[in-house]
Amino acid sequence: MGFPKRVVLVKFDPYVPQCIQFGRVLDPSAQRFTVKGAPQRQPDQAAESSQSLPPSQTSLQIKPSRRQLAAQGSQRTDSHPTEESLAPTQPEIEAPDNEAVDRVEDSFTMSSPKQTERVDEQVADRFNDDLSQAIKEAKALAHLPLDEDEDAESPTASTADDGDESGRDDEPLELAPQPRKRSVVSKASALRDKKTLNMNTFQCMDPGAGGYSSQNPNARTIQILEDMCRYYDQMQDTWRTLAYRKGITTLKKQHTKIATAKQAAALPFIGSRLADKIEEIVLTDRLRKLDNTKDDPLDAVLRLFLGIYGAGLVQANKWIQAGYRTLEDLQSKAKLTESHKVGIEHYNDFDSRIPRAEVEAHGAFVNSALRKIDARFEATVMGSYRRGAKDSGDIDMIITGPGATSSTLRTIVLDQLIPQLYKAGFLKASLATSRSNDSTGSKWHGASCLPTSKVWRRMDFLLVPEGEMGAALIYFTGNDIFNRSIRLLARKKGMRLNQRGLYKDVKRGRRGEKLNEGVLVEGRSEKKIFEILGVPWREPHERIC
DNA sequence: CTGCAGGGTCG
DNA sequence: CGACCC
DNA sequence: GCAG
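Source: prediction; values computed, not measured.

Draft legend 1. How the structure looks around the overall build of chain A. Helix and strand content of chain A: 20 helices and 10 strands. Taking all 545 residues of chain A together, the buried fraction comes to 57%. Accessible surface for chain A amounts to roughly 23,100 Å². Of this, 52% is attributable to carbon and sulfur atoms.

Pasting the structure below:
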């Protein structure tokens, strides 16, 4: 999702790690600093039951709905709508340190760029076989309007992604609205193999909604839904946000106008609720629900508080219930953790976007310091920067080195690099950091600031041992939807994918709880992981779901 | 009605 | 361990 | 909010 979306395929090395980013997504327009004196009015705007969130509850209930509570844990990802703005069509936005990247790649990836296409095709082909079968299955299971005979040309996976640069306008046809025709599709095929996964449900199998633009017939609808989505994201309603994102992505893939609820509901990831909203938007050019929630003072306060690093629904509601309405209230009256203090003090800093050039500068600063400690190590900026974004929510760097073990990395980074960067005045605060003596630690989260600036930026370091580069690349390349999708796929295949590697023979309980670590299958090569999972290779910029 | 990725850090 | 974050 |  995103705005002007899909633009260039910036010309960077496909293998260059591009990563997922953990930016915060906050609506700049939100009147977060002007919400003082928010009325103490009683909440009545909770139209739907599910909507009666704790927030507004001026009164007693501090308790977030189960939904929301469960929601913790995945919000604010860089893949949020507003975050995906890719750099404008200037192909020249190459990563400044391409060399560095190349080196990294060379050291940690099996295949060289040369072999890329070939490999990809092979994978793709292999995939197609599986796919055609999966597709049938999918059609039987999903209520997609495909005709039986159509699947010969497995649409979805425009497989070996034609590295077409001029962007694409081809859209996955399955999603195309077509005259409803209850395909009597194969109960046979459906029964054939219960284990066949419905690939249509994995967004990682399908190139992102790249062709989307304001030209899309559903542009207006999408715009409003993105507003809703952004709102829910701010409210940290993870699952609703996720659902919206999926639905929006589907809509972006449509090339015809979706005007009725019935029409909309036929699409994947669009259920009755979203369908109704879509119809309302088309009919009235607005969404009442959005209008309401948007200007509720208490919601505004809640969103203000939720924007603080380290503050979630529980904490924010406690503050609200305690009567606090402004950041000043919190600073003067509430008991805050160190993170909260930093988060409040630099609320604006962390809330603002980081220009691409500045991201580069931060990266250079870190890299320079690291090289002085040990020239073999490298720090590479990942995140949306690698995806070619013109600005980022935070700066995310992977630090690795030839033969580096997690232990040596911890020593180098945690005991030397970080302290030095602090001394240099570059690092300003730590928010969450591993301890060099913790054998499992692998990250450092904090804030940095260029000598030439006074705006603090969220900076994350990830320590990645050589043997885990492949998995790390996938993880930090994102986007998050893609990651979650591919991880889910791995799970469905009895495996487990995390930032360290792909594991097989993972035993799980009835409810999916991991009962066993599983056996490491692959961690070093990104491509192999894709291959093993049967996911067609996708360039980083195509992993925007 | 339940799961929605999986894992690290903080208090 | 719950909350929060990536 | 969707899907199973």
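Draft legend 2. Geometry of unusual backbone geometry. For the peptide bond that leads from G478 to N479, omega is 0 degrees, which places it in the cis range. Relative to the helices and strands, N479 is located in the loop between α18 (469-477) and α19 (480-492). The backbone phi angle of D285 is positive, close to 65 degrees, even though this residue is not glycine. Position of D285 relative to the elements: it lies in the loop between α8 (272-284) and α9 (288-294).

Draft legend 3. Just the pattern of salt bridges, in detail. For the structure on display, the rule yields 22 salt bridges. A salt bridge links K294 to D227, with the shortest nitrogen-to-oxygen separation between them at 3.8 Å. One end of the pair, K294, is in helix α9; the other, D227, is in helix α5 (residues 219-234), with 67 residues separating them in the sequence. For K294, a relative accessible area of 36% corresponds to the partly exposed category. The class for D227 is partly exposed, based on a relative accessible area of 22%. Between R458 and D460 there is a salt bridge, and its shortest N-O distance comes to 3.0 Å. For the pair R458 and D460, a shared accessibility class is recorded, and that class is buried. Salt bridges here are not isolated pairs; linked through shared partners, they connect D227, R230 and K294.

Draft legend 4. Fine view of the confidence of the model for chain A. When pLDDT is averaged along chain A, the result is 72, and 64% of the positions lie at 70 or above. Below pLDDT 50 for its whole length, residues 1-195 participates in 440 contacts with residues either more than four positions away or in separate chains. Across the assembled chains, the prediction reports ipTM 0.97 with pTM 0.72.

Draft legend 5. View of the sheet that holds strand β9 (residues 502-504). Strand order in the open sheet made by the three strands is β8-β9-β10, with antiparallel pairing throughout. The strands lining the two open edges of the sheet, one partner per strand, are β8 (496-497) and β10 (519-522). One ladder, built from three bridges, connects β9 with β10; its direction is antiparallel. Bridge assignment links L502 to a residue of β10, and that residue is E522. Helix α20 (residues 526-533) rests against β8, β9 and β10 of the sheet, and its axis sits at about 110 degrees to β10.

Draft legend 6. Inspection of the pairing of strand β6 (residues 443-448) at higher detail. Burial analysis of β6 places five of its six residues in the buried class, the great majority of the element. Note that strand β5 (residues 427-433) and β6 share five bridges and pair antiparallel. Each residue of the ladder has a partner; that of S430, found in β6, is G446. In this sheet, strand β7 (residues 457-463) lies alongside β6 in antiparallel orientation, the contact comprising six bridges. When the bridges of β7 are listed, K443 appears paired with L462.

Draft legend 7. Summary view of the side chain of D329. Looking at where D329 falls in the secondary structure, it is placed in helix α12 (residues 327-333). Other than its neighbours up to four places away in sequence, D329 contacts G323, Y324 and A334.

About the thresholds
- Residues numbered from 1 in each chain as written.
- Chains lettered and ligands numbered in written order.
- Predicted model: local features only at pLDDT ≥ 70, side-chain atom pairs only at ≥ 80, totals over all residues.
- Heavy atoms only, no water.
- Helix = DSSP H or I, 4+ residues; strand = E, 2+ residues; numbered from the N terminus.
- Buried < 20%, exposed > 50% of the residue type's maximum accessible area, 1.4 Å probe, protein only.
- Areas by Shrake-Rupley, 256 points an atom, 1.4 Å probe, with all protein chains shown as cover.
- Salt bridge = Lys/Arg side-chain N within 4 Å of Asp/Glu carboxyl O.
- pLDDT = per-residue confidence, 0-100.
- Contact = heavy atoms within 4.5 Å.
- Pairing = 2+ DSSP bridges.
- Axes fitted to C-alpha atoms, helices over the stretch in contact; angles between N-to-C directions.

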